[in-house]
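Coordinates in review
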Amino acid sequence: MSSTTEQATGARTWSVAEHLDDILTAVQPLEPIELNLLDAQGCVLVEQVTVPVALPPFDNSSMDGYAVRAADTERASEASPAVLTVIGDVAAGSSGTELTVGPGRAARIMTGAPLPPGADAVVPVEWTDGGTGAGPARTMAPHSASPQGSGGQVRVHRPVTPHAHVRARGGDVCAGDVALEAGTVLGPPQIALLSAIGRPAARVRPRPRVVVLSTGSELAQPGEELAAGQIYDSNSFALAAAAKDAGAIVYRVGAVTDDAETLRATIEDQLIRADLLVTTGGVSVGAYDVVKEALTAVAEEELGEAEGEPAEGEEGEDAEQAVHRAHVDFRTLAMQPGKPQGFGTIGPDRTPILTLPGNPVSSYVSFELFVRPAIRAMMGLADLHRPVVRATLLPPHGAGDEEPAPLTSPEGKRQFLRGTYTGGERPEVRPVGGSGSHLIGALAHADALIVVPEAATKAAWGSEVEVVLLG
């Protein structure tokens, strides 16, 4: 495993936009691959797909009924039905050429079956007596149970016009038409079209494989009994779920203890299956901030190798190139929550790594702002970000008759507060829970983030604010 140096203590404070720009500049779309259709769902198509054959490929019936010549029914009515001789059945999947419908003739036809020669329209079975000689039919008798089903006579009670109830060849798409443009996101309708034109697979940018791991000796896994001083690991579950929601294939590693060597070994083991690594915890200024310790130590090793003899596989690289091959910066951002952040590349393939803070709300907000766009950029999606709208800020529910004090925000920091959003002609948003970065209960009830910009120190009730929609 490789890594790089930590930003020097006391380095500049970065804005949210600067940090995100650095991430999106470094993260590249994954190389296209051929995937089976169901595996390609949600992925971005990288090639234009043209239609090889017309769809539908032949004229076929849109109804269960009788294939007829429209001219034979033009005078049909309830009082004076047209009486036609039934010459047989045309079932879906047949060639449609076994029978020829001549004057005064009809063939029973099933939905999707090819229109037989001579016929130019279909009479729905409900417009006939179904060959029973009685009143209007409600259904068509099964072929095996009807002694006269494919023979005898049928009485038609209503006329049809030419091409009635017939799906024309090429009525959907024609051979040579563009089915889907490059850049299309493959959802269920697009998968349906590709399969309908005979494509078993598609060339797409795949979903990135995202490895999520949390750090902290205090973390236990749900289902285990808590020891003194322990809490359950929620971050790895939250981030794994968020990465899956963003479109990634996710591997949740769980919690790693506060030991630098253990973390280094874990990350190295995971690199083989990671297009993107996400860690949470251990990036602040505490004595047990293991992520910074582990990656800084490895960075210094890398630097030493680069300044001395070239490491194996690095013949000809100078010191700066070797360090850049695995570079991670730990930064202070002008945001709340989520001030400590890290980003860079690691390992021989320069796998991107984002190191997020450990408080649950800080971790989740950081994911939404930085990791989610990175995942979507790797997929080649054009729409990287959550929707952002404007809404009127209202007091939280249950605030009582007395209006609470305005929301406050630290000067120079962009604050992201949890909120509940109501759309419509006059969108509204209300805070939910406090501003503490540990208050995960409130996060579970939020569907939006209320944004208070860096220059503002408060947000008055009734004012218009920027809102990031999470749902």
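Because the structure is a prediction, the values reported are computed rather than measured.

Each value, and the rule that gives it
- Residue positions within a chain follow its written sequence, with the count starting from 1.
- For a predicted model such as this one, the threshold for reporting local features is a pLDDT of at least 70, and the threshold for listing and counting side-chain atom pairs is 80 or more; totals across whole chains, interfaces and linings nevertheless cover every residue.
- With hydrogens and water excluded, all non-hydrogen atoms of the structure serve as input to the side-chain values.
- Segments assigned H or I by DSSP are reported as helices when at least four residues long, segments assigned E as strands when at least two residues long, and all are numbered from the N terminus.
- We call two residues in contact when some of their heavy atoms are within 4.5 Å.
- What sets the accessible areas is the Shrake-Rupley method with a 1.4 Å probe; for residues, cover comes only from the shown protein chains.
- Pairing between strands requires that DSSP locate at least two bridges from one strand to the other.
- Any residue under 20% of the maximum accessible area for its type is buried, any over 50% is exposed, and the rest in between are partly exposed; the area is computed with a 1.4 Å probe on protein chains only.
- Residues belong to one nonpolar core when they are buried, are Ala, Val, Leu, Ile, Met, Phe, Trp, Tyr or Cys, and are joined through side-chain atoms within 4.5 Å.
- Source of the domain bounds: an automatic or database domain assignment.
- Here a Phe, Tyr or Trp ring, Trp counted by its six-membered ring, pairs with any other such ring whose centre lies within 6.5 Å, and the pair is stacked when the planes are under 30 degrees apart, edge-to-face when over 60, and tilted otherwise.
- Two thresholds decide whether a charge sits over a ring: the Lys NZ or Arg CZ must be within 6 Å of the ring centre and within 35 degrees of the ring normal.
- In the analysis that follows, any N or O atom pair within 3.5 Å is treated as a polar contact, provided that within protein one partner can donate a hydrogen and the other can accept it, and provided that, for residues neighboring in sequence, both atoms belong to side chains.
- Picture the helix axis, draw a direction to every C-beta atom, and the arc is the one those directions span.
- Every angle, taken between N-to-C directions, lies between 0 and 180 degrees, and every axis is a line fitted to C-alpha atoms, over only the stretch in contact when it is a helix.
- Expected span of a helix, by definition, is 1.5 Å for each gap between consecutive residues, and there is one gap fewer than residues.
- A residue's bend is simply the angle between two axes: one fitted to the seven residues ending at it, one to the seven starting at it.

1. Section: the overall build of the protein
Regarding its fold elements, the protein presents eight helices and 29 strands. Excluding contacts between residues fewer than 6 apart, the proportion of contacts in the protein whose partners are at least 24 apart in sequence is 72%. For the protein, the accessible area works out to roughly 22500 Å², and carbon and sulfur atoms hold 50% of it.

2. Things to note about unusual backbone geometry
The omega torsion of the bond from Leu55 to Pro56 falls at -5°, within 30 degrees of zero and hence cis. Relative to the elements of secondary structure, Pro56 occurs in the loop between strand S4 (49-50) and strand S5 (60-61). In this chain, Gln336 is followed by Pro337 through a cis amide linkage whose omega measures -5°. With respect to the element layout, Pro337 can be found in the loop between strand S20 (335-336) and strand S21 (340-346).

3. Regarding the sheet that holds strand S13 (residues 201-205)
Strand order in this open sheet of three strands is S2-S13-S3, and the pairing throughout is antiparallel. Edge positions in the sheet fall to strand S2 (33-36) and strand S3 (44-45), since each of these pairs with one other strand and no more. Sheet topology places S2 next to S13; four bridges connect them, and they run antiparallel. The residue of S13 that forms the bridge with Glu34 is Arg203.

4. Brief notes about the environment of Gly412
Looking at where Gly412 falls in the secondary structure, it is placed in the loop between strand S24 (407-408) and strand S25 (414-422). Other than its neighbours up to four places away in sequence, Gly412 contacts Ala334 and Glu454.

5. Let's talk about the pairing of strand S27 (residues 448-452)
Burial runs high along S27: five of the five residues are buried. Because side chains alternate across S27, one face comprises the buried residues Ala448, Ile450 and Val452, and the other comprises Leu449 and Val451, equally buried. Direction of pairing for S25 relative to S27: antiparallel, over a ladder of five bridges. Among the inter-strand pairings, Leu417 is bridged to a residue of S27, identified as Ile450.

6. Focus on the nonpolar core
Phe370 and Ile375 are the most contacted members of the largest nonpolar core, which totals 41 residues. Mapped by element, the contributors of at least two residues to this core are helix H1 (16-26), strand S14 (209-215), helix H3 (235-246), strand S18 (276-280), strand S22 (351-356), helix H7 (360-378) and S27. Lining this core are residues from two domains, each supplying at least three of them: domain 1 (2-30 + 207-378) and domain 4 (388-469). With sequence-adjacent residues up to four places away left out, Ile375 is seen in contact with Pro208, Val210, Ala243, Ala246, Ala248, Leu276 and Phe367.

7. Remarks on the packing of aromatic side chains
Across all of its chains, the model carries zero aromatic pairs by this definition. Positioned above the aromatic ring of Trp14 is the side chain of Arg12, whose terminal nitrogen or guanidinium carbon lies 3.8 Å from the ring centre. Sitting above the plane of the Trp14 ring, Arg331 keeps its charged end 3.6 Å from the centroid.

8. Focus on the environment of Trp461
Within the secondary structure, Trp461 sits in the loop between strand S28 (458-459) and strand S29 (464-469). What Trp461 contacts, discounting residues up to four positions off in sequence, is Leu393, Leu394, Pro395, Pro396, Glu403, Pro404, Ala405, Pro406, Leu407 and Pro431. Only 3.3 Å separates the side chain of Trp461 from the backbone oxygen of Ala405, close enough to count as a polar contact.

9. Concerning helix H4 (residues 260-270)
Buried within H4 we find Ala260, Leu263, Arg264, Thr266, Ile267 and Gln270. Taken down its axis, H4 places every buried residue within 165° of arc, on the same side. Facing away from the buried side of H4, by more than 90 degrees, are the exposed residues Glu261 and Asp269. For H4, the capping residue at the N-terminal end is Asp259, with a side-chain oxygen 3.3 Å from the backbone nitrogen of Glu261.

10. Here we look at the sheet that holds strand S17 (residues 249-256)
Ordered in space as S1-S19-S21-S22-S18-S14-S17, the seven strands form an open sheet in which the pairing is mixed. Strands with a single pairing partner mark the edges of an open sheet, and in this sheet they are strand S1 (13-14) and S17. Inspection of the sheet shows S18 paired to S22 by four bridges, in the parallel sense. In the strand pairing of S22, Leu277 is matched with Ile353. Relative to S22, H7 is tilted by about 165°, and along the sheet it contacts S14, S18, strand S19 (328-333), S21 and S22.

11. Focus on H7
If you check H7, its first and last C-alpha atoms are 25 Å apart, about what 19 residues at 1.5 Å a residue would give, namely 27 Å. Roughly 45° is the biggest bend found in H7, and it falls at Phe367. Counting buried positions along H7 yields 19 of 19 residues, so the element is predominantly enclosed. Phi for Gly380, located one or two positions after H7, is positive at around 80°.

Shape is all these values report; function is a separate question.
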